[in-house]
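One-letter residues, chain by chain:
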Amino acid sequence: MKGLFTLSTVSSEKIIEIIDLALRFKRGETKVSYPGKSMATLFFENSTRTQYSFQMAMIKLGITPVSFSSVGSSLAKGESLYDTVKTFEALGVDGVVVRHSKDGYYRDLDSVRIPIFNGGDGKSDHPTQTLLDLMTIYEEYGRFDGLDVCLVGDIKHSRVAHGNAEVMKRLKMNVYIAGPDEMLDDTAKVLSLDEAVEKCDVINLLRVQFERHSEKLDMNEAEYLKKYGMTLERVSRMKDKAIIIHPAPINRGIEIQSEVAECEKSRIFKQMTNGVFVRMAVISMVLEDKL
Amino acid sequence: MKGLFTLSTVSSEKIIEIIDLALRFKRGETKVSYPGKSMATLFFENSTRTQYSFQMAMIKLGITPVSFSSVGSSLAKGESLYDTVKTFEALGVDGVVVRHSKDGYYRDLDSVRIPIFNGGDGKSDHPTQTLLDLMTIYEEYGRFDGLDVCLVGDIKHSRVAHGNAEVMKRLKMNVYIAGPDEMLDDTAKVLSLDEAVEKCDVINLLRVQFERHSEKLDMNEAEYLKKYGMTLERVSRMKDKAIIIHPAPINRGIEIQSEVAECEKSRIFKQMTNGVFVRMAVISMVLEDKL
Amino acid sequence: MKGLFTLSTVSSEKIIEIIDLALRFKRGETKVSYPGKSMATLFFENSTRTQYSFQMAMIKLGITPVSFSSVGSSLAKGESLYDTVKTFEALGVDGVVVRHSKDGYYRDLDSVRIPIFNGGDGKSDHPTQTLLDLMTIYEEYGRFDGLDVCLVGDIKHSRVAHGNAEVMKRLKMNVYIAGPDEMLDDTAKVLSLDEAVEKCDVINLLRVQFERHSEKLDMNEAEYLKKYGMTLERVSRMKDKAIIIHPAPINRGIEIQSEVAECEKSRIFKQMTNGVFVRMAVISMVLEDKL
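Residues numbered from 1 in each chain as written. Chains lettered and ligands numbered in written order. Predicted model: local features only at pLDDT ≥ 70, side-chain atom pairs only at ≥ 80, totals over all residues. Heavy atoms only, no water.

## Comments concerning the interface of chain A and chain B
Here comes step 1: Taken together, the contact between chain A and chain B spans 22 residues of the former and 24 residues of the latter.
Here comes step 2: Of the roughly 1,900 Å² buried where chain A meets chain B, counting both sides, 57% is carbon and sulfur surface.
Here comes step 3: If you look at where chain A meets chain B, you find three salt bridges.
Here comes step 4: One salt bridge connects Glu262 of chain A with Lys86 of chain B, and the closest N-O pair in it is separated by 3.7 Å.
Here comes step 5: Along the contact surface separating chain A from chain B lie six residue pairs in polar contact (both at pLDDT 80 or more).
Here comes step 6: Taken together, the elements giving at least two residues each to the side of chain A that touches chain B come down to α2 (49–60) and α10 (268–287) of chain A.
Here comes step 7: No other element matches the seven residues that α2 of chain A contributes to the side of chain A that touches chain B. (Contact = heavy atoms within 4.5 Å. Buried area = accessible area lost by both parts, 1.4 Å probe. Salt bridge = Lys/Arg side-chain N within 4 Å of Asp/Glu carboxyl O. Polar contact = N/O pair within 3.5 Å; in protein donor to acceptor, adjacent residues only side chain to side chain. Helix = DSSP H or I, 4+ residues; strand = E, 2+ residues; numbered from the N terminus.)

## Section: the sheet that holds strand β9 (residues 202–205) of chain A
Residue and element names in this part refer to chain A.
Here comes step 1: One open sheet holds the five strands; their spatial order is β8-β7-β6-β9-β10, and the pairing between them is parallel. A strand with exactly one partner marks an edge of an open sheet, and here the two such strands are β8 (189–190) and β10 (243–245).
Here comes step 2: Strand direction decides the pairing type here: strand β7 (residues 174–178) and β8, joined by two bridges, are parallel. The partner of Ile177 across the bridge, within β8, is Val190.
Here comes step 3: Sheet contacts for helix α4 (residues 127–141): β9 and β10; angle to β10, the most-contacted strand, approximately 170°. (Pairing = 2+ DSSP bridges. Axes fitted to C-alpha atoms, helices over the stretch in contact; angles between N-to-C directions.)

## Some thoughts on the packing of helix α4 (residues 127–141) of chain C against helix α5 (residues 159–170) of chain C
All names here are of chain C.
Here comes step 1: It is the contact of α4 with α5, at a shortest axis distance of 9 Å, that shows an interaxial angle of 55°. Accordingly, the angle class assigned to the pair α4 and α5 is oblique. Handedness of the α4/α5 crossing: right-handed. In this structure, α4 contributes Gln129, Thr130, Asp133, Leu134 and Ile137 to the contact, and α5 contributes Val160, Gly163, Asn164, Val167 and Met168.
Here comes step 2: Among the residues forming the contact of α4 with α5, the class breakdown is five nonpolar, four polar and one charged. (Parallel < 35°, antiparallel > 145°, perpendicular 65-115°, else oblique. Left-handed = near helix turned anticlockwise from the far one by under 90°. Nonpolar A, V, L, I, M, F, W, Y, C, P; charged D, E, K, R; others polar.)

## Points about the side chain of Asn118 of chain C
Residue and element names in this part refer to chain C.
Here comes step 1: Checked against the element boundaries, Asn118 lands in strand β5 (residues 116–121).
Here comes step 2: For Asn118, the side chain forms a polar contact with the main-chain oxygen of Phe5, separated by 2.8 Å.
Here comes step 3: One polar contact links Asn118 to Asp121, side chain to side chain, over a distance of 2.8 Å.
Here comes step 4: Beyond its immediate stretch of four places on either side in the chain, Asn118 contacts Leu4, Phe5, Val98, Tyr105, Tyr106, Asp125, Pro127 and Thr128.

## Overview of the pattern of salt bridges
Here comes step 1: In total, this model carries 67 salt bridges over all chains according to the counting rule given.
Here comes step 2: Where Asp289 of chain B meets Lys2 of chain B, a salt bridge forms, and the shortest distance between an N and an O atom there is 3.4 Å. One end of the pair, Asp289 of chain B, is in the segment after α10 (268–287); the other, Lys2 of chain B, is in the segment before β1 (3–4), with 287 residues separating them in the sequence.
Here comes step 3: Across the pair Arg252 of chain B and Glu262 of chain B runs a salt bridge whose closest N-O atoms are separated by 3.3 Å. Of this pair, Arg252 of chain B sits in the loop between β10 (243–245) and α10 while Glu262 of chain B sits in the loop between β10 and α10, placing them 10 residues apart in sequence.
Here comes step 4: Looking at Glu262 of chain B, the relative accessible area reads 37%, which means it is partly exposed.
Here comes step 5: A single network of salt bridges, built from pairs that share partners, joins Asp83, Lys86, Glu89 and Arg113 of chain A together with Arg252 and Glu262 of chain C. (Buried < 20%, exposed > 50% of the residue type's maximum accessible area, 1.4 Å probe, protein only.)

## Notes on the relation of the copies chain A and chain C
Here comes step 1: Superposition record for chain A on chain C: RMSD 0.0 Å, screw rotation 120°, translation along axis 0.0 Å. One copy is carried onto the other by what is essentially a three-fold rotation axis. (Least-squares fit on C-alpha atoms with pLDDT ≥ 70 in both.)

## Topic: the domain arrangement of chain A
Residue and element names in this part refer to chain A.
Here comes step 1: Each assigned domain of chain A is listed with its residue range as follows: domain 1 (3–125 + 274–287) and domain 2 (128–271).
Here comes step 2: Computed over C-alpha atoms, the centres of domain 1 and domain 2 are 26 Å apart.
Here comes step 3: Taken together, the contact between domain 1 and domain 2 spans 31 residues of the former and 25 residues of the latter.
Here comes step 4: Overall, the association of domain 1 and domain 2 removes approximately 2,200 Å² of surface from exposure, summing both partners, and the carbon and sulfur fraction of that is 62%.
Here comes step 5: Taken together, the links from domain 1 to domain 2 amount to two salt bridges.
Here comes step 6: A salt bridge links Glu139 to Lys26; its shortest N-O distance comes to 2.7 Å.
Here comes step 7: Scanning the region where domain 1 abuts domain 2 turns up 11 residue pairs in polar contact (both at pLDDT 80 or more).
Here comes step 8: Considered class by class, the residues forming the side of domain 1 that touches domain 2 number 13 nonpolar, 10 polar and eight charged. (Domains from an automatic or database assignment.)

## Here we look at the interface of chain A and chain C
Here comes step 1: Facing 24 residues of chain A, the contacting portion of chain C comprises 22 residues.
Here comes step 2: In total, about 1,900 Å² of surface goes out of reach between chain A and chain C, with carbon and sulfur atoms giving 58% of it.
Here comes step 3: Taken together, the connections running from chain A to chain C amount to six residue pairs in polar contact (both at pLDDT 80 or more).

Listed below in structure tokens is the structure:
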């Protein structure tokens, strides 16, 4: 199988190579174009950023995006993911981007010969999100080695948290986690958020699906923000060069105080910009058999 | 903020300039192209004409349209209009077209640096609809000054009526309104429809959401058509050069007798054609800082 | 009216000409491009293959596809098919592809001047599906004359079955039908499926909407497969060169054993590939007034 499925099988050297190419795309130093190629985005779960970011990456690479909407498709007739992907392969697209709720859905697709780009699978992986987070950190510090990062929020249910933690450790970052006990697991050493904001170079917030947890947590949104969210007060205690990242969509007033989203330390919208360049790099490297 | 939000802040001279450029695009006298640019259509209310007309305008200008569908997006996760627009800005599009049910939604978007084109906000404005109505009138008469126009139908709930009336008065047209008492307000002097068809150079029909009003009006569709709709009989009493316009979608058999839609005096489908050229003109002028 | 509506009015010579051009497109022998043209896909029924296949055909011909989604459109305001098609004509597209549940919907569209390509109407026709089936057969045998073909499954409710049978007979193929009595009509001579697999050069499976028939049939899916479905055992009794085709989406485990879909005799995914080239041929011939 060709494509990008999970970063756990991609070497650290290759990850640095992807980020390096993304940065060159961003600075306009490298230009490549694949006219005549087309790729389909097949999203079976909600997405704004990932879906349109991949489309923008295709457009910038001269690739025609074909946007498959599961509404109005033969999915309504019960067609499987496998048959849908095989159909797009038969139709002649040069690659597909897939988001699906099933962990490791791509393991069912091993007879597909065109590249598959994982746009998120179940609770497992979201490799281009991890790459854009890393690119944003690298752009800030020029290195990963020795940086302290804390993943904050619903670690247990986050594909971003698990994917990020694995790669960040490999890149020799010191990884911590913070959040309500109910949302933590053994991904990394636990810090309190107040310890984390003073100690870390990167605060990696995660989306909290508050409505799913509100009863168990026994608190309202404002209380959650005060205890576990990123407030301006906590921002004021961060180190000079430290930054805040978040995969978005953000829940203003829950895991992040609204004003923090666009404060000086936030890189949340910059991450979205970087995501387009990271996806350009991933697509380009796969098309040229370098990934 | 760059873009087009409401015509109430655009001078009459500038409006004429837009229409003039649109006519030159239509006649093929002016050709401009913006290769490498992309723009997103973000429609949070139903639309066929406006959404696809903007897409066609982009295509004709060499701009790649990115069509955001609120179905299957992170809106399902509660993302706000503001965060959605900021996301598309971060993804690198060169402009967005927005339709939203909130009056003046764009006033929340003042930190957005890319151009925003208003595709309709609440009950307030629909500036490109007004422009294409004006272009259609101008194409017919070569002037606005002194023309009699009657807005017919549900004036009170129509963003088109209010936007059109304001600009038409500024362009020295004589504006009247007609319709059931329940649907009228103080936008302009009231005429009976039978007076209007004999007096006016332009009959500007509006869409009537009959199902919302049927109870209060105490009449059925056929009775509405007979009393307040444009019938062939009324068409026969119009002045020689007079024309009928309508923003569409039309309700055949309610505010307009089906045969009238494509009669010799109707410009309803011509308006749709003109809409593409008006939107090309607006996009082009904004990109070149002339609007 | 220009376009392709039903093959029943297209001569056998013309059908061969379409297939021949499609094969030349597939082999890369013929290249044509229509830059600056755009076409809209207007699908009012679910579809994956037909909709995206037409889009791919447009892309390969340099035509910009405009994908109309009935979700979020003015259909929600009650706009008719006629007014929707007239709208896209007015917006300036150079053709429309329409799928609609109404038999012969295109007979209401005779005032439309741009080409209309029928992507399926009610229970009547699906001309490009028939063409891609024929292309796949022709690619295999180099002729139609004298070939035995059996349509298998729900003949009565299938637009593909009726369209295919009519044209196949005209091309001098010997047409048979097989399936449960409840699903057969007088389209052609009836065979048992076990006779058919041993006799025929082409087994043309049809999609069975099992849930609609399960009660009347008084059997479960496994029993249906055993009695009326294409199993590996039946495949083993087919003639050496014989092939299986299916319009898809397939119901694995109902009308076809899952393993059969990608067995050596199946041309199901090849059909999808051929569909793109057939649609390129149809669009190109219509644009050049050869169809």
